[in-house]
Amino acid sequence: MEPKPRLLSILDSVTVLLLLAATAAVFFYAPTEAVMGQVQRVFYFHVAAGWVGMLGFLVAAIAGIVYLRTGRRNWDIVGLSAVEIGMVFAFINIVTGSIWARPIWNTWWTWDPRLTTATIMELIYAAYLMLRAGIEDPNRRARFGAVYAIVGFISVPLTFFSARLFRTIHPVVIGSNQPGAEGSFDMSPRMLQAFMFSLFTFSFVFADLLWHRVRLGRLSDKVEQLKLKTMA
Amino acid sequence: MEESAMDVSRQATFETRSAWRAYLRSIWAVVWKDLAAELRSRELLSAMLVFALLVILIFNFALELDAETRATVTSGVLWVTFAFAGTLGLNRSMAMEKDRGCLDGLLLAPVDRSAIYFGKAIGNLVFMFVVEIIVLPVYSILYNVNLFNPGLILVIVLGSLGYVAVGTLLSSMAVQTRTRDVLLPILLFPVVIPVFIAAVKASGFFLAGREMVDIWPYLNLMIVYDVIFTAVAFMTFDYVVEE
């Protein structure tokens, strides 16, 4: 049993502190939005969770490419871990978005391009996990997982563009809005600071969780090997 | 001196050209094998066709395809039919290779692996086209809609290309898993959604006689998708069939 690395323990504490600070910033530092009121505070963690989701899927695609090039097991574990974390945060992103949309758009759900893309993205990575579950040979599982992570990730922007050719109502807070977007607002400096801090914090959360999950994957590999050794 | 340099370059072009010819020949061999097997058994095409017609029949009852509804849903019904019949064909075409160890034989052949991919993909594309060529007039007659529209044909060609490019890659993964047939649509549909959206919209616009300005974005999207995913499949197929 290898001991928990010192650096990981430090990262744990830093992440927890950052998360507490970010929560405080969202509730007490950022001003209340004039039109939407308190529900707008969802925005900070909503976007941050979406960011971590995308980051997870990007890392999985990159890990897939590196795995196919080098064939090292570690990269397969990284890919799987990143997909799992990405799925959880993409789901948080969808749920918080729904909570916001109910009072602002007057509906839990609409087939806006961003919402459509988010849903299909979850389905792609659910398929990724099912694909892996159906294969026993670890090498083949890693190879197929890598290929599908790459194919899936490339299709995400195309899904977004194809859905965006219809008109969208989702607000774009950073960059220019399309006409017809509902529930948009301009960020005040304090809002922007709270928002940037949330993104920063969630990146730490991602790194911390990824490290833990990769470590878990490697330990379970080791257990598997020990089992085989004792049986032989 | 100059002459020999020219000789070398000529030799090189000759070699690349003959390598190309050998590559195309091996693709053609795989396609021909699939077509010949299909001509003798007619297993795959008949299943795809009957299934496609059944899907249209079910839509008839599910949607009450009266004259008004038809104008708006025809392109959607057609593409759902093609997508479902397509998965049936893709699954079968790869399962045939896997079942009697044909795939191992194919992999032992001294050709580039990507030639096997392109061969299988072209074979699947031919089967898709045959089904579409039969379904279109049948749909036209049954529902009294004129589907003979060159724009629609173009959309069908572009859409099927993208569908088959990804489908061939993913079906060769799906047949090597425990869950096999169940897995292919689950893997394929979320990835192929962009083509599906673009194809449904573009076909609908062509049938409604909309202007090309509205249709181009969708055609462009399908072309981009086709190019990207053919390239990705070409690069990753090696890893999928590796033992």
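In this numbering scheme, every chain counts its residues from 1 along its sequence in written order. Chain A is the first chain written and ligand 1 is the first ligand written, with later ones labelled in order. In keeping with the model being predicted, local features are shown solely for residues with a pLDDT of at least 70 and side-chain atom pairs are shown and tallied solely at 80 or more, while totals for entire chains, interfaces and linings include all residues. With hydrogens and water set aside, each side-chain value is computed from the structure's full complement of heavy atoms.

Visitor: Talk me through the overall build of chain B; I want residue IDs and the actual numbers.
Guide: Put simply, DSSP H or I for four residues or longer makes a helix, DSSP E for two residues or longer makes a strand, and each gets a number counted from the N terminus. A count of helices and strands for chain B gives eight helices and zero strands. Principal-axis analysis of the C-alpha atoms places the extent of chain B at approximately 75 × 45 × 30 Å. With 243 residues in all, chain B has 47% of them scored as buried. Expressed as a percentage of contacts within chain B between residues at least 6 apart in sequence, the contacts between residues at least 24 apart total 81%. All accessibility values rest on the Shrake-Rupley procedure with a 1.4 Å probe; residue burial counts only the protein chains present in the view. For chain B, the accessible surface area stands at approximately 12,200 Å², while carbon and sulfur atoms represent 68% of it. Neither His nor the chain ends contribute to the count of charged residues, in which Lys and Arg are positive and Asp and Glu negative. Think of each charge as sitting on NZ of Lys, CZ of Arg, CG of Asp or CD of Glu. Here chain B carries 17 positive and 22 negative side-chain charges, and the mean point of each set is 6 Å from the other. Only protein chains enter the calculation, and the probe is 1.4 Å; a residue is then buried if its accessible area is under 20% of its type maximum, exposed if over 50%, and partly exposed in between. Any two residues whose heavy atoms approach within 4.5 Å are treated as being in contact.

Visitor: An account of the overall build of chain A is requested, with residue identities and associated values reported.
Guide: Along chain A, the regular secondary structure elements total six helices and zero strands. Across chain A, helices and strands are ordered from the amino to the carboxyl terminus as α-α-α-α-α-α. Principal axes of the C-alpha set define a box for chain A whose edges measure 70 × 40 × 25 Å. Expressed as a percentage of its 232 residues, the buried residues of chain A come to 47%. Accessible surface, chain A: about 11,900 Å² in total, of which carbon and sulfur atoms supply 68%. Positive and negative side-chain charges of chain A, numbering 21 and 14 respectively, have mean locations separated by a distance of 5 Å.

Visitor: How would you sum up the pattern of salt bridges? Please name residues and give values.
Guide: By convention in these notes, a salt bridge is any Lys or Arg side-chain nitrogen within 4 Å of a carboxyl oxygen on Asp or Glu. Scanning all chains against the criterion turns up 14 salt bridges over all chains. One salt bridge in this structure joins Glu-242 of chain B and Arg-143 of chain A, with 3.5 Å as the shortest N-O distance. Here Glu-242 of chain B, found in the segment after α8 (212-241), pairs with Arg-143 of chain A, found in helix α5 (residues 138-164), and the two come from separate chains. For Glu-242 of chain B, a relative accessible area of 32% puts it in the partly exposed group.

Visitor: Mind laying out the packing of aromatic side chains, listing which residues take part and the relevant values?
Guide: Pairs were defined over the aromatic rings of Phe, Tyr and Trp, the Trp ring being its six-membered one, requiring ring centres within 6.5 Å. Orientation was assigned from the angle between planes: stacked under 30 degrees, edge-to-face over 60, tilted for the rest. Per the counting criterion, the structure on display carries 20 aromatic pairs over all chains. Where Tyr-117 of chain B meets Phe-118 of chain B, the ring centres are 5.2 Å apart and the plane angle is 65°; that geometry is what we call edge-to-face. We call a charge positioned above a ring when the Lys NZ or Arg CZ atom is no farther than 6 Å from the ring centre and deviates by at most 35 degrees from the ring normal. A cation sits over an aromatic face here: Arg-190 of chain A above Tyr-29 of chain A, 4.4 Å from the ring centre. Here the guanidinium or amino end of Arg-210 of chain B rests over the ring plane of Phe-205 of chain B, the centre of that ring lying 4.2 Å away.

Visitor: Please set out the packing of helix α1 (residues 6-29) of chain A against helix α6 (residues 189-231) of chain A residue by residue, giving values where relevant.
Guide: All names here are of chain A. Only the contacting stretch of a helix is used when fitting its axis, a line to C-alpha atoms as for every element, and angles between N-to-C directions run 0 to 180 degrees. As a packed pair, α1 and α6 sit with axes 9 Å apart at the nearest point and diverge in direction by 150°. As summarised for this structure, α1 and α6 are arranged roughly antiparallel, according to the angle between their axes. α6 is crossed by α1, and the crossing has left-handed handedness. Working definition: roughly parallel below 35 degrees, roughly antiparallel above 145 degrees, roughly perpendicular at 65 to 115 degrees, and oblique for all remaining angles. Each crossing gets its hand from how the near helix is turned against the far one by less than a right angle, where anticlockwise is left-handed and clockwise is right-handed.

Visitor: Got a sec to walk through a nonpolar patch on the surface? Specific residues and values, please.
Guide: Residue and element names in this part refer to chain A. A grouping of Leu-7, Ile-10, Val-14 and Trp-211 is seen on the molecular surface, where their side chains present a nonpolar patch of about 340 Å² in accessible area. The element that contributes the greatest number of residues to the nonpolar patch is α1, accounting for three residues. You can see Val-14 is positioned in helix α1. Note on patches: the residues involved have over 30% relative accessible area and no salt bridge, like charges join within 9 Å, and the nonpolar side chains Val, Leu, Ile, Met, Phe, Trp and Tyr join within 5 Å.

Visitor: Go over the interface of chain B and chain A with me, naming the residues and quoting the values.
Guide: On the chain A side, the residues contacting the 30 residues of chain B number 27 residues. Across the chain B to chain A interface the summed buried area is about 2,700 Å²; carbon plus sulfur atoms make up 76%. Buried area adds together the accessible area that both of two parts lose upon being put together, with accessible area traced by a 1.4 Å probe. If you sort the residues of chain B by the area they bury against chain A, Met-173, Arg-178 and Tyr-239 of chain B come out on top, with a joint share of 20%. Taken together, chain B and chain A are joined by two salt bridges. Between Arg-178 of chain B and Glu-136 of chain A there is a salt bridge, with the nearest N and O atoms lying 2.6 Å from each other.

Visitor: So what's going on with helix α4 (residues 113-133) of chain A? Residues and values would help.
Guide: Expected span of a helix, by definition, is 1.5 Å for each gap between consecutive residues, and there is one gap fewer than residues. Compared with the 30 Å implied by 1.5 Å per residue over 21 residues, the 30 Å span of α4 of chain A between its first and last C-alpha is a close match. With a side-chain oxygen positioned 2.9 Å from the backbone nitrogen of Arg-114 of chain A, the residue opening α4 of chain A is Asp-112 of chain A. Pairing of N or O atoms within 3.5 Å defines a polar contact, subject to two protein rules: one partner must be a possible hydrogen donor and the other a possible acceptor, and residues neighboring in sequence count only if both atoms are side-chain atoms.

Visitor: Now, about the side chain of Glu-97 of chain B: what can you tell me, with residues and values included?
Guide: Turning to its location among the elements, Glu-97 of chain B is positioned in helix α3 (residues 67-99). Not counting chain neighbours up to four residues away, the residues in contact with Glu-97 of chain B comprise Lys-33, Asp-34, Cys-102, Leu-103, Leu-106 and Lys-120 of chain B.

Visitor: Which residues make up the nonpolar core, and what are the values?
Guide: By size, the foremost hydrophobic cluster in this structure holds 126 residues, and its most contacted members are Tyr-125 and Tyr-148 of chain A. Here Tyr-148 of chain A is in contact with Ile-124, Ala-127, Tyr-128 and Leu-131 of chain A together with Leu-170, Met-173, Ile-186, Leu-187, Pro-190 and Val-191 of chain B, once residues within four sequence places are set aside. Side-chain atoms within 4.5 Å are what join buried Ala, Val, Leu, Ile, Met, Phe, Trp, Tyr and Cys residues into a set we call a nonpolar core.

Visitor: Give me the environment of Arg-141 of chain A: which residues, what numbers.
Guide: Residues and elements named next belong to chain A. With respect to the helices and strands, the residue Arg-141 is situated in helix α5. Sequence-wise, Arg-141 and Asp-76 are 65 residues apart; in three dimensions their C-alpha atoms are separated by 8.9 Å. Each residue touching Arg-141, except ones within four places of it in the same chain, is listed here: Arg-132, Ile-135 and Glu-136. At 3.2 Å, the side chain of Arg-141 forms a polar contact with the backbone oxygen of Ile-135.

Visitor: Go over the packing of helix α2 (residues 43-63) of chain B against α3 of chain B, please, and point to the residues and values.
Guide: In helix packing, the relevant descriptors are the interaxial angle and the interaxial distance, both defined with respect to the helix axes. Residue and element names in this part refer to chain B. Remark: α2 packs on α3, axes separated minimally by 9 Å, with the N-to-C direction vectors making an angle of 150°. Taken together, the axes of α2 and α3 lie roughly antiparallel to each other. Considering how the two elements wind past one another, α2 and α3 form a crossing that is right-handed. Classifying every residue of the contact of α2 with α3 by side-chain character gives 16 nonpolar, five polar and two charged. Nonpolar residues are Ala, Val, Leu, Ile, Met, Phe, Trp, Tyr, Cys and Pro. Charged residues are Asp, Glu, Lys and Arg, and all others, Gly as well, are polar.

Visitor: Please set out the confidence of the model for chain B residue by residue, giving values where relevant.
Guide: Parts of the prediction with low pLDDT should not have their coordinates interpreted in detail. Residue and element names in this part refer to chain B. The quantity called pLDDT is the predictor's confidence in a given residue, expressed from 0 to 100. In this model, chain B carries a mean pLDDT of 89, and residues with pLDDT of at least 70 account for 97%. Mean pLDDT per element in chain B: helix α1 (residues 2-41) is the minimum at 83, and helix α6 (residues 150-174) is the maximum at 95. Confidence metrics for the complex model read pTM 0.89 and ipTM 0.89.

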